[in-house]
Amino acid sequence: MTATARASTAIDTVLLDIEGTTIPVSFVHETLFPYARAAMPALLAQRAGDPAVRAAVADIAELAPGVPPLAQLNEWMDQDAKIGPLKALQGLAWAEGYRSGALQAPLFADVLPALRRWRAAGLRLAVYSSGSEAAQRLIYGHTTEGDAAGLFDGFYDLRIGGKRAADSYRAILAETGWTPGRTLFLSDIVAELDAAAQAGLHTCQLVRAEDGTIAGTTHPAAATLDDVSRLFALPAV
Ligand SMILES: CSCCC(=O)C(=O)COP(=O)(O)O
Ligand SMILES: [Mg+2]
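Residues numbered from 1 in each chain as written. Chains lettered and ligands numbered in written order. Predicted model: local features only at pLDDT ≥ 70, side-chain atom pairs only at ≥ 80, totals over all residues.

Participant: I'm lost on the environment of P68 in this one. Help?
Facilitator: In this structure, P68 sits in the loop between α2 (51–63) and α3 (69–79). Sequence separation of P68 and R182 is 114 residues, and the distance between their C-alpha atoms is 46 Å. (Helix = DSSP H or I, 4+ residues; strand = E, 2+ residues; numbered from the N terminus.)

Structure, rendered in structure tokens:
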């Protein structure tokens, strides 16, 4: 693996992480996660008949037999566990926050202009996050700069597998038919980039000053999506 981008490579698809890549870690950890934690007891009690809640509770019972669902969810939230039923229920909790206007997602300032430019130039854009597909559509549908969800062609979540496993990226490639050598994965987390690189994708680490991201040494690094444009010869300002 090399930390030098191959600028001559014709990238046609950009797959993006969310937290720490397009949206500050602080928004997820200091706004979204506490909002979901506070909403969880009422969500379980008042919407127990909702098929999505029932399915998540059934998944919890299978993963943690005999543990009360709320206790298990609190433990997972304490651990920041990336696990399907927690992510599904967090997404349901956030839906109400976005609907009421209590939640609005702050994109890093460079994100929307770059995504619009890339998209206008014909690049395919997709999201891969541990947050549920519904939560991904919500966060991009309710940014402080308006609805940006339409910029993306695909949304991939834990259904495909965890972000630190190379097989997850292989599964996305198998499902979409994308060419790995023309696909660029952007994330702030080196373990995720390592997994994507193992599957043959190009990688670039977003090292966000606001998040205090620690730069690795094994992937090209960029402070903004404009830097990504320069490193990978994507349409730039
Ligand atoms: C859909 S925004 C919330 C993201 C989330 O729940 C999370 O755990 C962060 O995951 P990511 O894979 O984007 O780092
Ligand atoms: Mg991230």
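Participant: I keep staring at the environment of H29 and nothing clicks. Help me out?
Facilitator: Within the secondary structure, H29 is located in helix α1 (residues 25–46). For the pair H29 and D80, spaced 51 residues apart in sequence, the C-alpha separation works out to 9.3 Å.

Participant: Sorry, what's going on with the sheet that holds strand β2 (residues 124–128) here?
Facilitator: Sheets are built from strands paired through backbone hydrogen bonds, the pairs being either parallel or antiparallel. The parallel open sheet is built from six strands, whose spatial order is β3-β2-β1-β4-β5-β6. The sheet terminates laterally at β3 (154–156) and β6 (221–222), the two strands that pair on one side only. The pairing of strand β1 (residues 13–16) with β2 spans four bridges and is parallel. Across the sheet, L15 pairs through a bridge with A126, a residue of β2. Running over the sheet, helix α9 (residues 225–232) touches β4 (183–187), β5 (202–206) and β6 and is turned about 150° from β5. (Pairing = 2+ DSSP bridges. Contact = placed C-beta atoms within 7 Å. Axes fitted to C-alpha atoms, helices over the stretch in contact; angles between N-to-C directions.)

Participant: Any chance you could explain unusual backbone geometry here in plain terms?
Facilitator: Keep in mind that most residues, glycine aside, have a negative phi and that most peptide bonds are trans. A positive phi angle, close to 50°, is found at D80, a residue other than glycine. Within the fold, D80 resides in the loop between α3 and α4 (84–100). Not every positive phi belongs to a glycine, and A233 is a case in point at roughly 55°. The topology assignment puts A233 in the segment after α9.

Participant: Quick question: what am I supposed to make of the domain arrangement of the protein chain here?
Facilitator: Many authors give the size of an interface as the accessible area that is lost as the parts come together. Its domain assignment divides the protein chain into domain 1 (13–23 + 105–232) and domain 2 (28–100). One C-alpha centre belongs to domain 1, the other to domain 2, and the line joining them spans 25 Å. Each partner contributes to the interface: domain 1 provides 12 residues, whereas domain 2 provides 10 residues. For the side of domain 1 that touches domain 2, a count of residues per class yields five nonpolar, five polar and two charged. (Domains from an automatic or database assignment. Nonpolar A, V, L, I, M, F, W, Y, C, P; charged D, E, K, R; others polar.)

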